[in-house]
Amino acid sequence: MKKNPLSEVYSKFRVHYYRDVFKRINNRELSLTTTEAYCVEIIGNLGTPTINEFASFVGISSPNATYKVNSLIKKGYLTKEQSGEDKREVILKVTDKYYKYWNINQKYMDIVEDRLEQSLSPEEFQLFNRIMKKISDEMMPEVAIPKKEVEDE
């Protein structure tokens, strides 16, 4: 069955990411299981969620989320901090160790973006970015990530 172009691009990014995660786990560069890698990536993209917000987002129980979070804390990828708004609430923050891991994955995205910028006209590249922003902002409400916590905008 032929895939539409968006599905094809998404599949290629996803497969590249999975291959990279498995390679680093096998080479012992990454002290995470694949599930932990996905969890910390989600938490990093959510900004500074609470455990309950993370659990709700991924559709797992709070005790299961707490178990995963505690494992990521022990491995140095997350910290818990008291919320500035509600002192009873604890928020999750990714650590420098996470950013070191994440930047390895981001490099491939940067490579693809550079290739696009070199092969498209400035107008086409600008149009591409506007379309991608529209897809992100308007076409994907199921994975709405709080704007206030996303740093790379």
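Being a predicted model, the structure only gives us computed values, none of them experimental. (Residues numbered from 1 in each chain as written. Predicted model: local features only at pLDDT ≥ 70, side-chain atom pairs only at ≥ 80, totals over all residues. Heavy atoms only, no water.)

Caption draft 1: Just the packing of aromatic side chains, in detail. The full count for this structure, using the stated rule, is three aromatic pairs. When the centroid spacing of 6.0 Å and the interplanar angle of 75 degrees are considered together, the rings of Phe13 and Tyr108 count as edge-to-face. With Phe13 in helix 1 (residues 5-26) and Tyr108 in helix 5 (residues 96-119), this residue pair connects regions lying 95 residues apart in the sequence. Residue Tyr108 is classed as partly exposed on the basis of its relative accessible area, which comes to 24%. Summarising the aromatic geometry, the rings of Tyr98 and Tyr99 are spaced 5.3 Å apart at their centres and angled 65 degrees between planes, so their arrangement reads as edge-to-face. Here Tyr98 falls in the buried class, since its relative accessible area comes to 2%. (Phe/Tyr/Trp six-rings, centres within 6.5 Å; stacked < 30°, edge-to-face > 60°. Helix = DSSP H or I, 4+ residues; strand = E, 2+ residues; numbered from the N terminus. Buried < 20%, exposed > 50% of the residue type's maximum accessible area, 1.4 Å probe, protein only.)

Caption draft 2: Region of the structure containing the nonpolar core. Judged by nonpolar contacts, the single largest core of 21 residues is most densely connected at Val40, Ile43, Leu72 and Tyr101. Mapped by element, the contributors of at least two residues to this core are helix 1, helix 2 (34-46), helix 3 (51-58), helix 4 (62-74), strand 2 (90-94) and helix 5. Ranked by residue count, the leading element in this core is helix 2, at four residues. (Core = buried A, V, L, I, M, F, W, Y, C linked by side-chain atoms within 4.5 Å.)

Caption draft 3: Up close: a negative patch on the surface. On the surface, Asp110, Glu113, Asp114 and Glu117 cluster together into a negatively charged patch. Among the structural elements, Glu117 can be located in helix 5. Here Glu117 falls in the partly exposed class, since its relative accessible area comes to 45%. (Patch = residues over 30% accessible without salt bridge, like charges linked within 9 Å, V, L, I, M, F, W, Y side chains within 5 Å. Areas by Shrake-Rupley, 256 points an atom, 1.4 Å probe, with all protein chains shown as cover. Salt bridge = Lys/Arg side-chain N within 4 Å of Asp/Glu carboxyl O. Lys, Arg positive; Asp, Glu negative; His and termini not counted. Charge placed at Lys NZ, Arg CZ, Asp CG, Glu CD.)

Caption draft 4: Structural detail: a nonpolar patch on the surface. The grouping of Phe57, Met139, Met140 and Val143 at the surface amounts to a nonpolar patch, some 350 Å² of accessible area in total. We classify Phe57 as partly exposed; its relative accessible area is 34%.

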